[in-house]
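Spelled out, the chains give:
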Amino acid sequence: MILWFVAHYDLMRGLHILAVIAWMAGLLYLPRLYVYHCGAIAGGELDAILKIMERRLLRGIINPSMIITLIFGLCLIVADGNIRGWAFLLQPWMITKLVGVAFLFAWHGYLARARKHFEDGINIRPEKFWRATNELPFLAAIIMVIAVTTEFGRH
Ligand code: HEM
């Protein structure tokens, strides 16, 4: 099994990146829907349409792509550990990557809770908040991708 991970490392890396693209697209789009939702009249047509769009986006794209990203990420960790030794997990670039991962999981959970609130007709944040925080996942992605591609601080 571990040998299989090592032999198919490049394929898993490609699938990992594809899943990341879908996860990021969803995390960037969902708060845009929340911006429109803040301006929608509760119980109105737009409110109803946005509830459906938000539910489908979260359940159909964001949750599955997060799970696939995680599965291939864990496979890459197993393969990497066997190829170059487990110490890579403690290198600055990988710690940076894992902190970014923790942030994205937390943000994902926060957006999922906000969706529940919108579904229940409660809006806990103003439109300004969703506009201001919309780019946070992309900022995290820039830091994470540069960390894994440059492997800064590698020893
Ligand atoms: C969900 C948890 C995640 C885990 C456990 C994980 C783990 C990994 C591991 C072990 C590698 C191989 C590193 C190497 O030796 O080159 C990797 C590659 C990569 N990861 Fe992740 N990752 C996760 C999420 C993400 C996210 C959210 C992004 C982007 C925002 C990302 C972007 C990348 C990229 C671009 C590569 C390829 C790097 C290269 O080949 O140079 N990963 N990931």
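Here we summarise the structure given alongside this text. All values derive from a computational prediction rather than experimental measurement.

What the protein chain contains, in helices and strands, is six helices and zero strands. The order of α-helices and β-strands along the protein chain, N terminus first, is α-α-α-α-α-α. When each of the 155 residues of the protein chain is scored for burial, the buried share is 37%. Sequence-distant contacts in the protein chain: of pairs separated by 6 or more residues, those separated by 24 or more amount to 77%. For the protein chain, the accessible area works out to roughly 8900 Å², and carbon and sulfur atoms hold 71% of it.

Here the focus is the nonpolar core. Ranked by internal contacts, the top residues of the largest apolar core, which has 24 residues, are Leu30, Tyr34, Ile62, Leu104, Leu111 and Trp130. Listing elements by their share of this core, those giving two or more residues are helix H2 (9-38), helix H3 (45-84), helix H4 (92-119) and helix H6 (136-150). Here tryptophan 130 is in contact with Pro31, Tyr34, Val35, Cys38, Trp107, Tyr110, Leu111, Ala114, Phe118, Asn123 and Arg125, once residues within four sequence places are set aside. By size, the runner-up hydrophobic cluster in this structure holds seven residues, among which are Phe5, Tyr9, Met12 and Leu76.

So, about the coordination of the iron atom of the ligand. For a metal bound by four donors in a tetrahedral arrangement, the ideal donor-metal-donor angle is 109.5 degrees, while six donors in an octahedral arrangement ideally sit at 90 or 180 degrees. With distances of 1.7 to 2.0 Å, the protein atoms coordinating the iron atom of the ligand are His16 (NE2) and Lys97 (NZ). Given six donor atoms and angles of 81 to 177° at the metal, the environment of the iron atom of the ligand is assigned as octahedral. In this pair, histidine 16 is assigned in helix H2 and lysine 97 in helix H4, connecting sequence segments 81 residues apart. Residues histidine 16 and lysine 97 agree in their burial class; the two are buried.

Another point: the side chain of arginine 115. Assignment of secondary structure puts arginine 115 in helix H4. Excluding residues that lie within four positions of it along the chain, arginine 115 makes contacts with Tyr34, Glu54, Arg55, Leu58 and Arg59.

Examined against the element boundaries, histidine 117 turns out to sit in helix H4. Sequence separation between histidine 117 and aspartate 10 is 107 residues; the distance between their C-alpha atoms is 41 Å. Excluding its chain neighbours within four sequence positions, the residues that come into contact with histidine 117 are Ile122 and Ile124.

Around the ligand sit 24 residues, and of these Arg13, His16, Asp80, Arg84 and Lys97 come closest. Within the side chain of histidine 16, an N or O atom sits 2.8 Å from a nitrogen atom of the ligand. Note that a nitrogen atom of the ligand is positioned 2.4 Å from one of the side-chain N or O atoms of lysine 97. Among the elements that make up the shell around the ligand, the one with the highest residue count is H3 (seven residues). The class makeup of the residues in the shell around the ligand is 15 nonpolar, four polar and five charged.

The rules behind the values
Residue indices follow the written sequence of each chain, beginning from 1 at its first position. Reporting in this predicted model follows two pLDDT cut-offs: at least 70 for local features of residues, and 80 or more for side-chain atom pairs to be given and counted; totals over whole chains, interfaces and linings ignore these cut-offs and use all residues. The basis for the side-chain values is all heavy atoms of the structure; hydrogens and waters are excluded. The secondary structure listing takes helices from DSSP runs of H or I that are at least 4 residues long and strands from runs of E that are at least 2 residues long, numbered from the N terminus. Relative accessibility decides the category of a residue: with a 1.4 Å probe and only protein chains considered, values under 20% of the type maximum give buried, values over 50% give exposed, and everything between is partly exposed. Two residues qualify as a contact provided that any one of their heavy atoms is within 4.5 Å of a heavy atom in the partner residue. In these tables, accessible area is a Shrake-Rupley quantity obtained with a 1.4 Å probe, and a residue counts as shielded only by the protein chains included in the view. For this analysis, a nonpolar core means a set of buried residues of the types Ala, Val, Leu, Ile, Met, Phe, Trp, Tyr and Cys, connected via side-chain atoms within 4.5 Å. The rule for donors is simple: an N, O or S atom within 2.8 Å of the metal counts, and for Na, K and Ca the reach is 3.2 Å. Water is not among the atoms, so a site may look short of donors. A four-donor site is classed as tetrahedral when every donor-metal-donor angle falls between 85 and 135 degrees; four donors are called square planar, and six octahedral, when trans pairs exceed 155 degrees and all remaining angles lie between 65 and 115, with any other arrangement labelled irregular. It suffices for a single heavy atom of a residue to lie within 4 Å of a molecule or strand for the residue to be listed as near it. Any pair of nitrogen or oxygen atoms within 3.5 Å is treated as a polar contact; in protein, a donor-acceptor pairing is required on top of that, and neighbouring residues in sequence qualify only through side-chain atoms on both sides. Each residue gets one of three labels, nonpolar for Ala, Val, Leu, Ile, Met, Phe, Trp, Tyr, Cys and Pro, charged for Asp, Glu, Lys and Arg, and polar for the others, Gly among them.

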